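Okay, here's what each chain looks like letter by letter:
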Amino acid sequence: MHVVVVSVNYKTADVAMREKLAFNDQEIENALVTLNNQKSILECVILSTCNRTEVYAVVDQIHTGKYYIQSFLADWFDQSLDTIKQYTNVLTENDAVEHLFRVTSGLDSMVLGETQILGQMKDAFQIAQTEVTTGTMFNRLFKQAITLAKRAHHETDIASNAVSVSYAAVELSKKVLGKLDNKKALIIGAGEMAELAVANLNGSGVKDITVLNRTVAKAESLAMQYKGVAKSINELQCSLMEADIVISSTSAEHYVLTKDMMRDVERFRRNKPLVLIDIAVPRDIDPAVNDLDSMFNYDVDDLNGLVDANLAEREQAASEIELLIAKEIDKHDEWVNMLGVVPIITALRDKASHIQQDTMMSVERKLPDMTDRERKVISKHMKSIVNQLLKDPITQAKELSTDKKSKEKLELFQEIFNISSEVERINETKKELKQDQLSPKTVES
């Protein structure tokens with residue numbers, strides 16, 4: 001078995017291409033089942049977000065598995081195979097495992113250390129489990145990745161500091177006002193930066209959001225996504241009276257909020273604190289507003305300084321997580337190696353058990369007058385002898401599984417104990433069971 005990931009992400013494709021190769025929520029289940037029924041695919045999970053579409057798979061052969069995954073993507077999205085190859089990055093074995101760990105921990109995200117991807121990965125894994133497209137390998141590996149990401153976020157500062165201007169604006173508001181879940185936010189503008197600010201406010205618990213824009217239709221479109229309220233820019237001064245947080249991001253050539261306007265607002269609000277965050281260039285808020293005691297005014301330079309400092313801290317935390325990932329990869333390797341030795345240990349135990357049973361039957365024939373108690377005592381001691389004799393060989397087999405020449409040494413181990421045919425039988429049984437699991441699902445009419 002081999003682990004393969006085929007990835008289309010913000011590093012390999014622009015947003016226009018990522019849109020063409022994104023699965024919507026309604027088709028993920030069918031896509032998983034379709035992919036799982038492809039030749040060479042033993043297990044699979046599909047992750048699809050705005051920044052990436054990734055297929056994680058366990059395959060019987062790397063080259064064949066890679067081909068069928070890329071062919072599946074080409075067929076599903078009605079693209080040529082050459083196009084899919086052009087925009088996908090393919091990783092295998094430990095590189096694929098490392099990629100999974102990095103993505104889930106937020107180290108491969110556009111915003112370093114963001115936590116949303118962890119929830120998206122959990123959802124992708126749960127859907128795959130529901131559709132029975134995961135098995136022994138991925139059920140363990142994805143749980144390991146999710147546990148690692150939770151640990152990384154808990155033990156390091158990777159997600160503690162804002163590293164985007166819009167996110168920094170919200171984090172700055174928290175520092176001034178504390179919890180935001182009962183605060184009122186006013187957004188001036190309805191462009192991309194304003195949209196990011198609304199999303200971050202909403203993610204921090206702010207439910208009362210008002211969007212002002214010269215084109216009311218654009219304000220309504222943005223506000224509707226977050227159950228907010230849209231108003232015309234003509235209602236600006238009245239809206240300022242009620243807000244706790246103001247984030248301004250327009251393309252105006254002159255100040256939208258002047259000192260005189262904000263002095264009137266301050267008087268009406270009776271010096272109640274107001275956080276003003278100007279993420280526009282040129283600036284929307286007159287710097288002279290800083291002279292007003294109850295106005296906390298921050299511009300892009302203030303936020304960028306915060307972002308730069310925080311990014312350095314996140315990069316330090318990322319280095320710590322890289323060390324955690326290296327250890328988790330070693331654990332995964334040990335576990336995979338152990339999978340190969342399980343049939344050998346099973347065969348050795350089976351052979352010893354058969355010898356013990358045959359010997360016990362022989363004793364019973366030769367001593368037919370034994371009482372039930374005598375029979376139980378003899379049987380118990382026979383099992384004890386067998387278990388003690390097996391202890392060292394089983395320990396040795398486990399150690400051999402991590403040896404550089406494990407294949408040759410384990411083959412010799414099987415010959416010494418004359419269990420090669422039994423190991424082969426166990427492996428064949430496992431393959432047959434796997435094929436039964438991978439057979440197409442029957443749908444009841």
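Residues numbered from 1 in each chain as written. Predicted model: local features only at pLDDT ≥ 70, side-chain atom pairs only at ≥ 80, totals over all residues. Heavy atoms only, no water.

Student: Outline the UniProt feature "domain: Glutamyl-tRNA reductase N-terminal" (unreviewed entry) in the protein chain, supporting the account with residue identities and numerical values.
Tutor: As annotated by UniProt and renumbered to match this structure, "domain: Glutamyl-tRNA reductase N-terminal" (unreviewed entry) occupies residues 6–156. What you have in residues 6–156 is 56% helix and 16% strand, and the ends, taken at the C-alpha atoms, are 29 Å apart. (UniProt positions renumbered as here; feature names shortened; annotations may be inferred. Helix = DSSP H or I, 4+ residues; strand = E, 2+ residues; numbered from the N terminus.)

Student: Account for the sheet that holds strand β9 (residues 274–278), with residues named and values stated.
Tutor: Working definition: the strands of a sheet are paired by backbone hydrogen bonds and lie parallel or antiparallel to each other. The strand order across the open sheet formed by 6 strands is β7-β6-β5-β8-β9-β10, and the pairing between neighbours is parallel. The open sheet has two free edges, formed respectively by β7 (229–232) and β10 (295–298), since each of these has just one partner strand. Each strand axis lies, on average, 20 degrees off the axis of its neighbour in the sheet, ignoring direction. Lying over the sheet, helix α9 (residues 192–203) contacts β5 (184–188), β6 (208–213) and β8 (245–248), oriented at roughly 170 degrees with respect to β5. (Pairing = 2+ DSSP bridges. Axes fitted to C-alpha atoms, helices over the stretch in contact; angles between N-to-C directions. Contact = heavy atoms within 4.5 Å.)

Student: Explain the side chain of Ser-232 residue by residue, including any values.
Tutor: Relative to the assigned elements, Ser-232 resides in strand β7. Residues in contact with Ser-232, not counting those within four places in the same chain, are Leu-212, Asn-213 and Val-216.

Student: Give a detailed account of the side chain of Arg-52, specifying residues and quantitative values.
Tutor: If you trace the backbone, Arg-52 turns up in strand β3 (residues 52–59). By relative accessible area, Arg-52 is classed as buried at 3%. Only 2.8 Å separates the side chain of Arg-52 from the backbone oxygen of Asp-108, close enough to count as a polar contact. Apart from the residues within four sequence positions on either side, Arg-52 is in contact with Val-8, Asn-9, Tyr-10, Arg-18, Leu-47, His-99, Val-103, Asp-108, Ser-109 and Ile-117. (Buried < 20%, exposed > 50% of the residue type's maximum accessible area, 1.4 Å probe, protein only. Polar contact = N/O pair within 3.5 Å; in protein donor to acceptor, adjacent residues only side chain to side chain.)

Student: I'd like a description of the sheet that holds strand β4 (residues 89–92), backed by residues and values.
Tutor: One open sheet holds the 4 strands; their spatial order is β2-β3-β1-β4, and the pairing between them is antiparallel. Strands at the two margins of the open sheet, each flanked by one partner only, are β2 (41–48) and β4. Neighbour-to-neighbour, the strand axes of this sheet turn through a mean angle of 15 degrees, independent of strand direction. Inspection of the sheet shows β2 paired to β3 by 7 bridges, in the antiparallel sense. Paired with Ile-46 across the bridge in β3 is Val-55. With respect to the sheet, helix α6 (residues 116–130) is in contact with β2 and β3, its orientation differing from that of β2 by roughly 145 degrees.

Student: Tell me about unusual backbone geometry, residues and numbers included.
Tutor: With a phi close to 80 degrees, Ser-40 is a non-glycine residue in the positive phi region. If you trace the backbone, Ser-40 turns up in the loop between α2 (28–36) and β2. In this structure Ser-40 comes out as buried when scored by relative accessible area, which is 7%. One non-glycine residue, Asn-271, lies in the positive phi region at around 65 degrees. Along the chain, Asn-271 turns up in the loop between α12 (259–269) and β9.

Student: Describe helix α10 (residues 216–225), naming the residues involved and giving the relevant values.
Tutor: Of all the residues in α10, the buried ones are Ala-219, Leu-222 and Ala-223. Here the buried residues of α10 occupy an arc of 95 degrees about the axis, which is enough to place them on one side. Away from its buried face by more than 90 degrees, α10 exposes Ala-217 and Met-224. Looking at the buried side of α10, the elements it contacts are α9, β6 and β7. In the segment just after α10, Lys-227 is the residue with positive phi, at about 55 degrees. (Arc of directions from axis to C-beta.)

Student: How would you sum up the confidence of the model for the protein chain? Please name residues and give values.
Tutor: Put simply, the protein chain has an average pLDDT of 88, and 95% of its residues get 70 or more. Within the model, pLDDT remains below 50 along residues 441–445, and this stretch shows 4 contacts once partners closer than five positions in the same chain are excluded. (pLDDT = per-residue confidence, 0-100.)

Student: Kindly report on the environment of Lys-66, identifying the contributing residues and their values.
Tutor: By secondary structure assignment, the location of Lys-66 is in helix α3 (residues 62–76). For Lys-66, a relative accessible area of 33% puts it in the partly exposed group. On a C-alpha basis, the gap between Lys-66 and Thr-258 in space is 60 Å, while along the polypeptide they are 192 residues apart.

Student: Just give me the short version of the packing of aromatic side chains, but keep the residues and values in it.
Tutor: Evaluation of the coordinates by the stated rule reveals 9 aromatic pairs. An angle of 85 degrees between the planes, with centres 5.6 Å apart, marks the rings of Tyr-56 and Phe-142 as edge-to-face. Residue Tyr-56 is found in strand β3, and its partner Phe-142 is found in helix α7 (residues 136–155); the two are separated by 86 residues along the sequence. With respect to burial, Tyr-56 and Phe-142 carry one shared label: buried. Residues Tyr-67 and Tyr-68 carry aromatic rings whose centres are separated by 5.2 Å and whose planes lie at 80 degrees to one another, so their mutual orientation is edge-to-face. Looking at Tyr-67, the relative accessible area reads 41%, which means it is partly exposed. On the basis of relative accessible area, Tyr-68 is assigned to the partly exposed category, the value being 23%. Here the aromatic cluster, defined as three or more aromatic residues joined through ring pairs, consists of Phe-23, Phe-72, Trp-76 and Phe-77. (Phe/Tyr/Trp six-rings, centres within 6.5 Å; stacked < 30°, edge-to-face > 60°.)

Student: How would you explain the packing of helix α8 (residues 165–177) against α9 if you had to name every residue and give the values?
Tutor: Their axes nearest at 8 Å, the elements α8 and α9 cross at an angle of 45 degrees. By the angle class used here, α8 and α9 are oblique. Of the two possible hands of crossing, α8 and α9 adopt the one that is right-handed. Listed contacts from α9 to Val-165, Ser-166, Tyr-167 and Val-170 of α8 are Met-193, Leu-196, Ala-197, Asn-200 and Leu-201. (Parallel < 35°, antiparallel > 145°, perpendicular 65-115°, else oblique. Left-handed = near helix turned anticlockwise from the far one by under 90°.)

Student: Go over the nonpolar core with me, naming the residues and quoting the values.
Tutor: Among the nonpolar cores identified, the biggest contains 60 residues, and Ile-46, Tyr-56, Ile-69, Leu-73, Phe-101 and Phe-138 are the most heavily contacted of them. The greatest single-element share of this core, amounting to 9 residues, is contributed by α7. Setting aside its immediate chain neighbours within four residues, Tyr-56 contacts Val-4, Val-5, Glu-43, Cys-44, Val-45, Leu-47, His-99, Leu-100, Val-103, Met-121, Phe-138 and Phe-142. Judged by nonpolar contacts, the second largest core, of 28 residues, contains Val-198, Ile-209, Ile-245 and Leu-303. (Core = buried A, V, L, I, M, F, W, Y, C linked by side-chain atoms within 4.5 Å.)

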